[in-house]
Amino acid sequence: MMQSPFSLTDKTILVTGASSGIGRATAIECSRLGAHLVLTGRNVGRLEETLSMLAGDGHVVIAADLTVEEDIDALVEALQPVDGLVLCSGMGMMTPVQFSTRKKLMEVFDTNFLYPVELMRRMLKKKKVASPASIVAVASMGGTHFFTVGNGAYGASKAALDSFMKFAARELASKSIRVNTVLPAMIDTPLIHRGAVSDEDHAADALTYPLRRYGRPEEVAYAIIYLLSDASAWTTGSSLIIDGGKSLV
Ligand SMILES: NC(=O)c1ccc[n+]([C@@H]2O[C@H](COP(=O)([O-])OP(=O)(O)OC[C@H]3O[C@@H](n4cnc5c(N)ncnc54)[C@H](OP(=O)(O)O)[C@@H]3O)[C@@H](O)[C@H]2O)c1
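Notes on the structure in this doc start here. (Residues numbered from 1 in each chain as written. Predicted model: local features only at pLDDT ≥ 70, side-chain atom pairs only at ≥ 80, totals over all residues.)

1. Remarks on the overall build of the chain
Reasoning step 1: Tallying secondary structure elements over the chain gives 9 helices and 7 strands in all.
Reasoning step 2: Here the chain has a C-alpha radius of gyration of 17 Å; the compact-globule value for 249 residues is 18 Å, and the two agree.
Reasoning step 3: Its C-alpha atoms put the chain at 50 × 40 × 40 Å along the principal axes.
Reasoning step 4: Burial statistics for the chain: of 249 residues in total, 43% are counted as buried.
Reasoning step 5: In the chain, the proportion of contacts linking residues at least 24 apart, taken out of those at least 6 apart, comes to 72%. (Helix = DSSP H or I, 4+ residues; strand = E, 2+ residues; numbered from the N terminus. Rg over C-alpha atoms; globule rule 2.2 N^0.38 Å. Buried ≥ 20, exposed ≤ 12 C-beta atoms within 10 Å, placed from the backbone. Contact = placed C-beta atoms within 7 Å.)

Here it is in structure tokens:
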């Protein structure tokens, strides 16, 4: 039988932010399609938990704080060349413009933009990205389409990530390395429950989406899988919206 173009059989895929939410769901779903996973994040206990949820074998955990240069170096050093890289680690931050100090902006830009890009750069430099390969970064509708009050620091960091990946797509195409982003709207993960918004307010907001609910982490994972797989072999530099129809409203 012919192999599905969506299969990830025997592809090695590094997922950052694999200890929680979208990254964890991505790792699980990739493993079900035959991939070997390298899981990274800071929390070793939750990374091991993700590991225990994976199908198949040949998976590894390499804990790293991706805002610490030495951790990035150690991670890159430990890697074999990967066929897929999912840049999913990130943090939320709600802060009005007049409180968006340089310190706060640097924190969110470090985590969501500068260090994910630095990890990619070092992997490319050290030839830890195979050819062909696919890189997928998790940006956000909150950076490119929705301009929610108080979300400027976060949104700008994600817009920068989305933009940079398009330049990377152009430059890396000659090496058969594709680069795309996904743009989720609100997805029900621990991230959205850490801020000041109550569960009641989230529930009311979810009803403003045409599909009448927030997304589930695996629904972002499926889009990432499309971009990682050979099914998207002619897609690079794209930003895939996953928003339950919210941008139509
Ligand atoms: N949930 C949403 O509504 C939504 C919407 C659009 C985009 N996104 C984006 O989707 C991505 C995943 O978010 P999520 O919703 O799944 O959130 P989450 O459950 O809070 O997961 C965030 C992940 O990022 C990792 N991380 C954060 N800072 C890190 C650092 N310095 N070094 C290494 N890893 C770090 C965390 O690792 P540890 O826990 O191990 O520290 C965790 O695995 C983020 O980039 C987020 O901005 C989320």
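2. So, the site of the ligand
Reasoning step 1: Residues in contact with the ligand amount to 27 residues; listed here are only the nearest, Gly17, Gly21, Gly41, Gly90 and Leu191.
Reasoning step 2: Elements that contribute at least two residues to the shell around the ligand include exactly helix H1 (21-32) and helix H7 (190-193).
Reasoning step 3: For the shell around the ligand, the class distribution of residues is 11 nonpolar, 13 polar and 3 charged. (Near = placed C-beta within 6 Å. Nonpolar A, V, L, I, M, F, W, Y, C, P; charged D, E, K, R; others polar.)

3. Side note on the pairing of strand E2 (residues 36-40)
Reasoning step 1: In terms of residue burial, E2 counts as a mostly covered element, since 5 of its 5 residues are buried.
Reasoning step 2: Direction of pairing for strand E1 (residues 12-16) relative to E2: parallel, over a ladder of 5 bridges. Each residue of the ladder has a partner; that of isoleucine 13, found in E2, is leucine 37.
Reasoning step 3: With respect to chirality, the unit in which E1 leads through H1 into the neighbouring parallel E2 is right-handed.
Reasoning step 4: In the sheet, E2 pairs with strand E3 (residues 60-61) via 2 bridges, with the strands oriented parallel. Pairing of valine 38 across the sheet is with valine 60, part of E3.
Reasoning step 5: Tracing the backbone out of E2, into helix H2 (residues 44-52) and back to the parallel element E3 gives a crossover that is right-handed. (Pairing = 2+ DSSP bridges. Right-handed = clockwise from strand over helix to strand, strands pointing away.)

4. Examining the pairing of strand E5 (residues 129-138)
Reasoning step 1: Where burial is concerned, most of E5 is hidden: 7 out of the 10 residues are buried.
Reasoning step 2: As paired strands, strand E4 (residues 82-87) and E5 are joined by 5 bridges and run parallel to one another. Within the sheet, the bridge partner assigned to valine 82 lies in E5 and is valine 129.
Reasoning step 3: Handedness of the β-α-β unit built from E4, helix H4 (residues 102-125) and E5 comes out right-handed.

5. Some points on the nonpolar core
Reasoning step 1: Counting 58 residues, the largest nonpolar core has Ile13, Val15, Leu37, Leu85, Val86 and Ile224 as the members making the most contacts within it.
Reasoning step 2: Take this core: its biggest share by element is 7 residues, from helix H9 (residues 217-228).
Reasoning step 3: The residues contacting valine 86, other than those within four sequence positions of it, are Ile13, Leu14, Val15, Thr16, Thr26, Val136 and Ile224. (Core = buried A, V, L, I, M, F, W, Y, C linked by C-beta atoms within 7 Å.)

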